[in-house]
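# Structural overview
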Amino acid sequence: MTELRQRVAHEPVAPPEDKVMCVQIKCFHEIITIGYNVYHSYDLPWFRTLSWYFLLCVNYFFYGETVTDYFFTLVQREEPLRILSKYHRFISFTLYLIGFCMFVLSLVKKHYRLQFYMFGWTHVTLLIVVTQSHLVIHNLFEGMIWFIVPISCVICNDIMAYMFGFFFGRTPLIKLSPKKTWEGFIGGFFATVVFGLLLSYVMSGYRCFVCPVEYNNDTNSFTVDCEPSDLFRLQEYNIPGVIQSVIGWKTVRMYPFQIHSIALSTFASLIGPFGGFFASGFKRAFKIKDFANTIPGHGGIMDRFDCQYLMATFVNVYIASFIRGPNPSKLIQQFLTLRPDQQLHIFNTLRSHLIDKGMLTSTTEDE
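Residues numbered from 1 in each chain as written. Predicted model: local features only at pLDDT ≥ 70, side-chain atom pairs only at ≥ 80, totals over all residues. Heavy atoms only, no water.

## Looking at the overall build of the protein chain
Let me state the cut-off plainly: Put simply, DSSP H or I for four residues or longer makes a helix, DSSP E for two residues or longer makes a strand, and each gets a number counted from the N terminus. The buried label applies to any residue whose accessible area, calculated with a 1.4 Å probe on protein chains only, is under 20% of its type's maximum; exposed applies above 50%, and partly exposed to all values in between. We call two residues contacting when some pair of their heavy atoms lies within 4.5 Å. Calculation of accessible area relied on Shrake-Rupley with a 1.4 Å probe; when residues are assessed, cover is drawn exclusively from the protein chains displayed.
Assigned secondary structure in the protein chain consists of 17 helices and six strands. Across its three principal directions, the C-alpha atoms of the protein chain cover 85 × 65 × 35 Å. Evaluated residue by residue, the protein chain yields a buried proportion of 38% over its 367 residues. For the protein chain, contacts bridging at least 24 residues in sequence account for 68% of all contacts bridging at least 6. Accessible area for the protein chain stands at about 21,800 Å²; split by element, carbon and sulfur atoms hold 66% of it.

## Let's talk about the packing of helix α7 (residues 112–142) against helix α15 (residues 308–323)
Applied cut-off: A fitted line through C-alpha atoms serves as each axis, taken over the contacting stretch for helices, and the angle formed by two N-to-C directions is quoted from 0 to 180°. Should an angle fall under 35 degrees it is taken as roughly parallel, and over 145 as roughly antiparallel, whereas 65 to 115 is taken as roughly perpendicular and any remaining angle as oblique. Here is the rule for handedness: rotate from the far helix to the near one, and if that takes an anticlockwise turn smaller than a right angle the crossing is left-handed, while a clockwise turn gives right-handed. Residue classes follow a fixed rule: Ala, Val, Leu, Ile, Met, Phe, Trp, Tyr, Cys and Pro count as nonpolar, while Asp, Glu, Lys and Arg count as charged, and any other residue, Gly among them, counts as polar.
With their axes 9 Å apart at the nearest point, α7 and α15 run at an angle of 50° to one another. Looking at the two axes, α7 sits oblique to α15. Taken as a pair, α7 and α15 cross one another with a handedness that is left-handed. Across the interface between the two elements, Ile 128, Val 129, Gln 132, Ser 133, Leu 135, Val 136, His 138, Asn 139 and Glu 142 of α7 pack against Tyr 309, Leu 310, Ala 312, Thr 313, Val 315, Asn 316 and Ile 319 of α15. Considered class by class, the residues forming the contact of α7 with α15 number nine nonpolar, six polar and one charged.

## Description of the nonpolar core
Where we set the bar: By nonpolar core we mean a set of buried residues, namely Ala, Val, Leu, Ile, Met, Phe, Trp, Tyr and Cys, connected to one another through side-chain atoms within 4.5 Å.
Ile 145, Trp 146, Val 149 and Phe 257 are the most contacted members of the largest nonpolar core, which totals 34 residues. When residues of this core are traced back to their parent elements, those giving at least two are α7, α8 (145–168), α9 (182–203), α10 (207–210), α12 (256–270) and α15. Contacts of Phe 257, omitting those with residues within four sequence positions, involve Ile 145, Trp 146, Val 149, Ser 200, Ser 204, Leu 231, Phe 232 and Leu 264. Counting 26 residues, the second largest nonpolar core, distinct from the first, contains Ile 32, Ile 34, Trp 121 and Val 129.

## Examining the pattern of salt bridges
Rule in force here: The salt bridge definition used is simple: a Lys or Arg side-chain nitrogen within 4 Å of an Asp or Glu carboxyl oxygen.
Evaluation of the coordinates by the stated rule reveals eight salt bridges. The partner of Glu 227 in a salt bridge is Arg 233, with the nearest N and O atoms 3.4 Å apart. Its relative accessible area of 36% is what places Arg 233 among the partly exposed residues. With a closest N to O distance of 3.6 Å, Asp 230 and Arg 233 form a salt bridge. Within the structure, one salt-bridge network assembled from shared partners comprises Arg 207, Glu 227, Asp 230 and Arg 233.

## What to know about the environment of Lys 180
Here Lys 180 lies in strand β2 (residues 177–181). Residue class for Lys 180 comes out partly exposed when judged on its relative accessible area of 37%. Other than its neighbours up to four places away in sequence, Lys 180 contacts Asp 158, Thr 171, Pro 172, Leu 173, Ile 174 and Phe 277.

## Quick look at the packing of aromatic side chains
Rules: Each pair of aromatic rings taken from Phe, Tyr and Trp, with Trp reduced to its six-membered ring, is defined by centres within 6.5 Å and is described as stacked if the planes are under 30 degrees apart, edge-to-face if over 60, and tilted in the remaining cases. The rule for a charge over a ring is simple: NZ of Lys or CZ of Arg within 6 Å of the ring centre, and within 35 degrees of the ring normal.
Taken as a whole, this structure holds 27 aromatic pairs when the rule is applied. An angle of 80° between the planes, with centres 5.2 Å apart, marks the rings of Trp 121 and Phe 286 as edge-to-face. Of the two residues, Trp 121 sits in helix α7 while Phe 286 sits in the loop between α13 (273–285) and α14 (301–305), which places them 165 residues apart along the sequence. You can call Trp 121 buried: its relative accessible area is 8%. Look at Phe 286 and you get partly exposed, because its relative accessible area is 22%. Both rings, one in Phe 282 and one in Phe 291, keep their centres 5.7 Å apart while their planes meet at 15°; by these two values the pair is stacked. Residue Phe 291 is classed as buried on the basis of its relative accessible area, which comes to 9%. Connected via pairs of aromatic rings, a cluster forms that spans Tyr 53, Phe 54, Tyr 96, Phe 103, Phe 116 and Phe 119. The side chain of Arg 48 reaches across the aromatic face of Tyr 36, ending 4.1 Å from its centre.

## A look at the environment of Phe 62
Structurally, Phe 62 is set in helix α3 (residues 47–70). Taking the relative accessible area as the measure of exposure, Phe 62 reaches 16% and is therefore buried. For the pair Phe 62 and Trp 182, spaced 120 residues apart in the sequence, the C-alpha separation amounts to 39 Å. Those residues in contact with Phe 62 that sit more than four places away from it in its chain are Val 130, Thr 131 and His 134.

## Remarks on the confidence of the model for the protein chain
Selection criterion: Scored between 0 and 100, pLDDT is the confidence that the predictor attaches to each residue.
This prediction gives the protein chain a mean pLDDT of 86; 91% of its residues lie at or above 70. Low pLDDT, under 50, characterises residues 1–11; the stretch is placed with eleven contacts to residues that sit more than four places away or in other chains.

## Considerations on the packing of helix α6 (residues 88–106) against α7
At their nearest, the axes of α6 and α7 sit 11 Å apart, and the two run at 155° to each other. One finds that α6 runs roughly antiparallel with respect to α7. For α6 against α7, the interelement crossing comes out right-handed. Only Gln 115, Phe 116, Phe 119 and His 123 of α7 make contact with α6, whose side of the interface consists of Tyr 96, Phe 100, Phe 103 and Ser 106. Here the contact of α6 with α7 is composed, by residue class, of five nonpolar, three polar and no charged.

## Things to note about the state of the cysteines
One way to say it: the disulfide is the covalent bond shared by the sulfur atoms of two cysteines. Under the convention used in this document: Here, the term disulfide refers to a pair of cysteine sulfur atoms separated by no more than 2.5 Å.
Tallied over the entire structure, the rule returns one disulfide. Paired through a disulfide, Cys 211 and Cys 226 show a sulfur-sulfur distance of 2.0 Å. Judged by the sign of its S-S torsion, about -90°, the cystine formed by Cys 211 and Cys 226 is left-handed. Within this pair, whereas Cys 211 is found in the loop between α10 and β3 (214–216), its partner Cys 226 is found in the loop between β4 (221–223) and β5 (235–238), the two being separated by 15 residues in sequence. Judged by its relative accessible area of 21%, Cys 226 falls in the partly exposed class. Note on Cys 57: no disulfide assigned, nearest cysteine sulfur contributed by Cys 101 at a separation of 12 Å. Residue classification places Cys 57 among the buried residues on the basis of a relative accessible area of 4%. Cysteine Cys 153 is unpaired, with the sulfur of Cys 156 as its nearest cysteine sulfur at 6.8 Å.

Laid out in structure tokens, this is it:
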């Protein structure tokens, strides 16, 4: 089993952005289409064209930032990419300004209010869909486990809340979703926490799930091979005395990530459903049943991802706040792009610091 885990981790993997991009484009299309169908009779000029143009601009900005951040070595090796990376934000801003000017030129006197309304509609859609899709990609690059566990917890909570509500539901939870009950809400929470602990235990043992996606210069491919951090190594924990008397165990061996999975599953159960309530309110406001009919019997893609985007944002904030630390490889990559005199200055400063800390000794030659 160990050999299989290591072999899978060494195999090249396909970058995950393309799948996220497809979902993002479809969700954007579904929301924009709702706005277009509501106001198409007013014949607003350039509305759809500008909406898709702004989607292109925002994606260019976010994807460029991601590539530069995670694949700095690859970018610096290729001259065209290095130029695009250096002026990336200026190019992105210029592209947005072109769209902004196009919108101003498209204004028609009798439709001013509607046109500005739809301009805001497009930008709010970009904020909800594109920005959070960008965060999903960042989560994926931290390791597949940060994507699979949260998304699975949301799915589990949806299923278990329905099951508990179906068999035990008596008390309505919220008017926006009359079929939701407190019994289903609470039962789904406990079931999701248990599910998150079990799934985390299984996935934490595989490098292909816990290692971040990195670009291998030797093979020109993306790989997920690393030495797992302490977060994904079994450790022994003491069980509180109250619980010891019940189960008879004094200690338990588990992965530290399982403790974090409790926070993820708790959010998926208690806060995640509000993404669905928000979507329900949105659909009621426009008197539609589903965002689209992409999936027969289940509505559109956005109907399936209404809670997932909110979950992805939480995971990204959680990683940045409690998990991620300084990345030595990124610091080294940036160090190598500096001028020789700047590199020498940093070297001498670091060397002096390590000598003061007692980690290096100063030789007579150095003095």
